[in-house]
Amino acid sequence: MTTKFKSIRLENFQSHVDTEIKLKDGLNVFIGPSDSGKSAIFRGIKWALFNEPAGTFFIRNGAKEARVSITFDDGRMLVRGRSTNSNYYELHDADEVLRLESFGVGVPEEVTNFTNIRKMILK
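Treat the numbers as computed from the prediction; the structure is a model and nothing was measured.

K.L.:
Break down a nonpolar patch on the surface for me, with residues and values.
P.N.:
Taken together, the side chains of Leu 27, Val 29 and Ile 31 define a hydrophobic patch exposed on the protein surface, amounting to about 410 Å² of accessible area. Secondary-structure assignment places Leu 27 in the loop between strand E2 (16-22) and helix H1 (38-50). Among the residues examined, Leu 27 registers a relative accessible area of 77% and is labelled exposed.

K.L.:
Tell me about the pattern of salt bridges, and name the residues and values.
P.N.:
What the rule picks out here adds up to eight salt bridges. Taking the shortest distance from any N to any O, the salt bridge between Arg 99 and Glu 101 comes out at 3.1 Å. Among the charged side chains, a salt-bridge network with shared partners connects Arg 9, Glu 11, Asp 18 and Arg 67.

K.L.:
So what's going on with the nonpolar core? Which residues, and what values?
P.N.:
Leu 10, Phe 13 and Leu 78 are the most contacted members of the largest nonpolar core, which has 23 residues in total. For this core, the secondary-structure elements that each account for two or more residues are strand E1 (5-13), H1, strand E3 (65-72), strand E5 (87-92) and helix H2 (109-115).

K.L.:
Help me get a handle on the packing of aromatic side chains, residues and values and all.
P.N.:
This model, assessed by the stated rule, comprises seven aromatic pairs. Centroid distance Phe 13 to Trp 47: 5.7 Å. Interplanar angle 35°. Geometry classified as tilted. Of this pair, Phe 13 sits in strand E1 while Trp 47 sits in helix H1, placing them 34 residues apart in sequence. Assigned by exposure class, Phe 13 and Trp 47 land together as buried. Residues Phe 13 and Phe 58 carry aromatic rings whose centres are separated by 5.2 Å and whose planes lie at 25° to one another, so their mutual orientation is stacked. Of the two residues, Phe 13 is situated in strand E1 and Phe 58 in the loop between H1 and E3; the sequence distance between them amounts to 45 residues. The burial state of Phe 13 is the same as that of Phe 58; both residues are buried. Taken together, the aromatic side chains of Phe 13, Trp 47, Phe 57 and Phe 58 make up a single cluster linked through ring pairs.

Reading the values: rules and limits
- Residues numbered from 1 in each chain as written.
- Predicted model: local features only at pLDDT ≥ 70, side-chain atom pairs only at ≥ 80, totals over all residues.
- Heavy atoms only, no water.
- Patch = residues over 30% accessible without salt bridge, like charges linked within 9 Å, V, L, I, M, F, W, Y side chains within 5 Å.
- Areas by Shrake-Rupley, 256 points an atom, 1.4 Å probe, with all protein chains shown as cover.
- Salt bridge = Lys/Arg side-chain N within 4 Å of Asp/Glu carboxyl O.
- Helix = DSSP H or I, 4+ residues; strand = E, 2+ residues; numbered from the N terminus.
- Buried < 20%, exposed > 50% of the residue type's maximum accessible area, 1.4 Å probe, protein only.
- Core = buried A, V, L, I, M, F, W, Y, C linked by side-chain atoms within 4.5 Å.
- Phe/Tyr/Trp six-rings, centres within 6.5 Å; stacked < 30°, edge-to-face > 60°.

This is the structure:
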């Protein structure tokens, strides 16, 4: 099964107040001036998929919670949220929403199975 992203939404993640990026089939390229949030998009994706980076430093200054949502081309959606007192994943599919909290430093197996995306370590 091929997993394709349809859109990415960053809410209060680093410099992004509320940014939604709708992706096209094929290659998508992010361009813009230095310090405009391009790298934060990739950090947000990495955080949502692999729970990295840890901590709360990426929550935008003055905000209480950061969220990154990834919508897949089949309509499923992964939501990753973090505040000072809440740390969660939500897995949205056609029939239900599964919310996972208090999962430690790793990625819950349910998330990996839901996305079908696994981290590869290259040596």
